[in-house]
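Breakdown of the fold
Chain by chain, the residues run as shown.
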Amino acid sequence: MVLKDEEMKAGESSEDPKGQGLSRKNSHSSMCPTDDDEEEEDRKLELGPMVALKEQLEKDKDDESLRRWKEQLLGSVDLEEVGETPDPVVKILTLTIRSPDRDDMVLTIPENGKPTSKGPWFTLKEGSKYTLIFTFRVTNNIVSGLRYSNTVWKTGIKVYSRKEMLGTFSPQAEPYTHVMFEETAPSGLLVRGSYSVKSKFVDDDDKCYLENNYTFDIRKNWL
């Protein structure tokens, strides 16, 4: 989620091919060259209008083979969480920051995406390994192609940007959990300080379920 090493020159972004920004295991596709790319996604197939999931389940209910096919396609849909309207409802509940150096930090995400703390929302220790874990709940209808994007600035300069596909999810009462790839916070005097972040959760229709704006610090030690 954050930035670059001390030896990187000022003004260079984390997309530099030298790869001196945050390191992460196994991930290329989650990186995003620029925040503007969120509005320039690859062309998608033109799909028909969404239909309420309850209506879909009711259609052709007397056709046994079609009913079984729908059950196989939709998976374990919780009928109690299915609504009469076509739009899915996705609520992002918590962000957990997991590091082997300390206990888990579990942060409740406000519905308006703006943490109320006057200072930084959290602090990372320079050089520490950490993993972001999100919990979220899906109701009313299936959400298709839910993805996460994240852009970080320091003193007004964009230093890091990434995106990651979470997947397609059916309505259910229990929250889903998505574990991001492990990352390493940079270290050095120049990377310490305060950062501002804008993160988003959007689906295949570019519907935004949450825009989360906050600040965090990188310090010499955990606080």
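The structure we're discussing is the one just above.
Residues numbered from 1 in each chain as written. Predicted model: local features only at pLDDT ≥ 70, side-chain atom pairs only at ≥ 80, totals over all residues. Heavy atoms only, no water.

A closer look at the overall build of the chain
Helix and strand counts for the chain stand at 2 helices and 11 strands. What you see in the chain, going N to C, is helices and strands ordered as β-α-α-β-β-β-β-β-β-β-β-β-β. Pairs at least 24 apart in sequence give 73% of the contacts found in the chain among residues at least 6 apart. Looking at the chain as shown, the accessible area adds up to about 12,700 Å², and 49% of this sits on carbon and sulfur atoms. (Helix = DSSP H or I, 4+ residues; strand = E, 2+ residues; numbered from the N terminus. Contact = heavy atoms within 4.5 Å. Areas by Shrake-Rupley, 256 points an atom, 1.4 Å probe, with all protein chains shown as cover.)

Some thoughts on the nonpolar core
If you look at the biggest cluster of nonpolar residues, it comprises 36 residues, and the most contacted ones within it are L95, I97, F122, F134, F136, L146 and F216. Of all the secondary structure elements, the ones that give two or more residues to this core are β2 (89-99), β3 (102-108), β4 (122-125), β5 (129-139), β6 (143-154), β7 (157-169), β10 (193-202) and β11 (208-219). (Core = buried A, V, L, I, M, F, W, Y, C linked by side-chain atoms within 4.5 Å. Buried < 20%, exposed > 50% of the residue type's maximum accessible area, 1.4 Å probe, protein only.)

Here we look at the side chain of H178
Here H178 shows up in strand β8 (residues 176-179). With a relative accessible area of 14%, H178 lands in the buried category. In this structure the side chain of H178 is engaged in a polar contact, spanning 3.0 Å, whose partner is the side chain of E164. The contacts of H178, once residues within four sequence positions are left out, are L132, I133, F134, F136, E164, M165 and L166. (Polar contact = N/O pair within 3.5 Å; in protein donor to acceptor, adjacent residues only side chain to side chain.)

Looking at the pattern of salt bridges
A full pass over the atoms with the stated rule returns 8 salt bridges. Across the pair R98 and D104 runs a salt bridge whose closest N-O atoms are separated by 3.0 Å. Given the relative accessible area of 42%, R98 is considered partly exposed. Where R162 meets E164, a salt bridge forms, and the shortest distance between an N and an O atom there is 2.2 Å. With respect to burial, R162 and E164 carry one shared label: buried. Linked by salt bridges that have partners in common, R162, E164 and E183 make up one network. (Salt bridge = Lys/Arg side-chain N within 4 Å of Asp/Glu carboxyl O.)

As for the environment of T151
Mapped onto the elements of the fold, T151 is located in strand β6. On the accessibility criterion, T151 (0% relative accessible area) is buried. Taking the C-alpha atoms as reference points, T151 and S199, 48 residues apart in sequence, are found 6.3 Å from one another.

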